[in-house]
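Residues per chain, in single letters:
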Amino acid sequence: MEIGALMEIKAFKAYRYDPDVVQNVGDCIAPPYDVIDAHYQQVLHDRSPWNVARITRGRISPDDNDKSNVYTRAAEAFASFVQKGALKQDAADSVYAYVQDFDAHGQTFRRSGFVALGRLQEFGRGVQPHERTLEGPKADRLKLTRATAAQFGQIFMLYDDPEKIADEIIERAATRQPPIDFNDDDGVRHRLYLIDAAEDIEKLTAMMADKMTVIADGHHRYETALNYYAETKNPTAAYCMMTFVNMRNEGLVIFPTHRLVAGLGGFDVDKLIRDIEGDFDTQRFAFADDDEKAAAQKKMFDAMQKQFARKANAFGIYAGSGCFYTAVLKDLHAMDAAWPGMSPAAKGLDVNVLHKLVLEGRLGIGEKELAHESHIEYIKDIGNAIEESIRAVDSGRAQAVFFMNPTRIGQVKAVAAAGEKMPQKSTFFYPKIFTGLVIYKY
């Protein structure tokens, strides 16, 4: 990555939930707004009258108008939380260590980072995006920011520090009693610690001064923060909350996001396999009953894993035709004609290979359809997502599912360094950075 005028950070006085008022702080914290569906929205609202989802994922009413709507109610809720003491501002400037313990695919991980204010910059100066954004979510978040003049969740930022300066400071902070310690509904443990020693804050500030950062998650919120600052010129809005995680952190895990396809006229998986065999080596894993089906599914994923270890471009396919498939790209030069001018880093992404050579090239699902999620549904690889996607095909709700390997952290870094963006849903950093742990009032 090119080093230039890079990341300026600073400590701040966050608003945090007061357990003396809300009792259980864990009942007040929520995942990011964009992963809260209608059912889970109700769960969070019912969990506590102070839950931050009442602000970030409020209910829409058919009677909403310009003067009373989901955004005005969010502002009223936030003001009420502060007025009633549920949210209190820290007395001293701090940086906040954030530690998450979780299990993934049979292993136990610990991901640690720190929350600070980061100075907003246009992309390319100290911050690189890695995924495309959509206008709808940005408009929604901007309306919320205008109404509340606050930021409730952090932007998830990656940086590279082989010396692991922050990791050592966080490890020391984690020997103290955490003011926040709770397990979420997926069993992830979240802990927050204060880093308020001037020496530690100075070390973190100096360490980040020459670091290029990459947005791991929160692209829409980052662009919203840029837009809000440009609109208001409020000097406090020149900064926003960011959780910084070292790319060398052993708990940095990326899960794949699979693609479920539906509503395509004349879709025929046998024809698709024939069509792609010029560019891909395909392998078929047939089955005749449920036991054989489970074995065939495992063989497909094992084959995908072998290709991942070889750094080959590969994905799996299931279309309910009595077999699973793998497709392995024969020659990356096939991407040259499909997307001329793309950097080698971007050409080597499995998602770009799938999107350009198969979804767009053979099935007609192009950039417009992907952006509007027309004919496609993104399936995050957590819980029983794989089984549910297979059931969606078997039931006829979908026509096929394309199973992906995860994107490598090095690929995220390389694509961002090339000044390019991945397709939406190229990466799923697990677990999510939760909302409401700390709040920044502009």
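Refer to the structure printed above.
Every chain is numbered independently, its residues counted from 1 as its sequence is written. With pLDDT at 70 or above as the cut-off, local features in this predicted model cover only qualifying residues; side-chain atom pairs require 80 or more to be listed or tallied, and sums for whole chains, interfaces and linings still use all residues. Side-chain calculation: all heavy atoms of the structure are included, whereas hydrogens and water are not.

A. Spotlight on the pairing of strand β12 (residues 239-246). A simple rule labels every residue: compare its accessible area, found with a 1.4 Å probe on the protein chains alone, to the largest value its type can have, and call it buried under 20%, exposed over 50%, or partly exposed in between. Strands here mean DSSP runs of E at least two residues long; helices mean DSSP runs of H or I at least four residues long; both are numbered from the N terminus. Across the eight residues that make up β12, a large majority, eight, are buried. Residues Y239, M241, T243 and V245 point to one face of β12 and C240, M242, F244 and N246 to the other, with burial holding for every one of them. When DSSP locates at least two bridges between a pair of strands, those strands are taken to pair. Bridge analysis of strand β5 (residues 107-119) against β12 gives six bridges, and the strand direction is antiparallel. By the bridge assignment, F114 is partnered in β12 with F244.

B. Looking closely at helix α9 (residues 269-276). Here α9 has its buried residues at V269, L272, I273 and I276. Projected onto a plane normal to the axis of α9, the buried residues spread over an arc of 100° and lie on a single side. Between N or O atoms, a polar contact is any pair within 3.5 Å; within protein, one atom must be a potential hydrogen donor and the other a potential acceptor, and residues adjacent in sequence are included only when both atoms are from side chains. With a side-chain oxygen lying 2.9 Å from the backbone nitrogen of D270, the N-terminal cap of α9 falls on D268. Directions drawn from the helix axis to the C-beta atoms are what define this arc.

C. Inspection of the packing of helix α5 (residues 135-148) against helix α8 (residues 219-232) at higher detail. Where α5 meets α8, the axes come as close as 9 Å, and the angle between the chain directions of the two elements is 50°. Classified by the angle between their axes, α5 and α8 sit oblique to one another. Of the two elements, α5 crosses α8, and the hand of that crossing is right-handed. For the pair α5 and α8, contact is made by P137, K138, R141, L142, T145 and R146 and by H220, R221, E223, T224, N227, Y228 and E231, respectively. Amino acids are sorted into nonpolar (Ala, Val, Leu, Ile, Met, Phe, Trp, Tyr, Cys and Pro), charged (Asp, Glu, Lys and Arg) and polar (every other residue, Gly among them). Taken together, the residues of the contact of α5 with α8 break down into three nonpolar, four polar and six charged. Simply put, an axis is a line fit to the C-alpha atoms, just over the touching stretch for a helix, and the angle between two N-to-C directions goes from 0 to 180 degrees. If an angle is under 35 degrees, it is roughly parallel; if it is over 145, roughly antiparallel; if it lies from 65 to 115, roughly perpendicular; otherwise it is oblique. Note: crossing handedness is left-handed where the near helix turns anticlockwise from the far helix by less than a right angle, and right-handed where it turns clockwise. We call two residues contacting when some pair of their heavy atoms lies within 4.5 Å.

D. Looking closely at helix α6 (residues 165-173). Within the sequence span of α6, burial applies to A166, D167, I169, I170 and A173. The buried residues of α6 occupy an angular sector of 165° when projected down its axis, which confines them to one face. The inward-facing, buried residues of α6 contact β4 (95-104), β5, β8 (155-159), β10 (189-195), α7 (198-208) and β12.

E. Examining empty space enclosed by the protein more closely. A cavity here means a set of points on a 1 Å grid, drawn over the protein atoms and nothing else, where a 1.4 Å probe fits but cannot get out; a pocket is an open set with protein on both sides within 12 Å along at least five of seven lines, and a residue lines either one if it has an atom within 4 Å of a point. Grid points are joined across faces, edges and corners, and a volume is the space filled by probe spheres set on the points. Enumeration over the complete set of coordinates arrives at one cavity of 30 Å³ or more. Taken as a whole, the largest cavity encloses approximately 230 Å³ of empty space. Taken together, 16 residues form the lining of the largest cavity, with R141, Q151, F152, G153 and R221 sitting closest to its centre. In terms of residue count, α5 provides more of the lining of the largest cavity than any other element does, four residues in total. Of the residues belonging to the lining of the largest cavity, the class tally is seven nonpolar, seven polar and two charged.

F. Layout of the environment of A392. Considering the arrangement of structural elements, one finds A392 in helix α15 (residues 385-394). Accessibility expressed as a relative area gives 4% for A392, which makes it buried. Separated by 17 residues in sequence, A392 and I409 place their C-alpha atoms 30 Å apart. In contact with A392, other than residues within four places in its own chain, are L260, R397 and A398.

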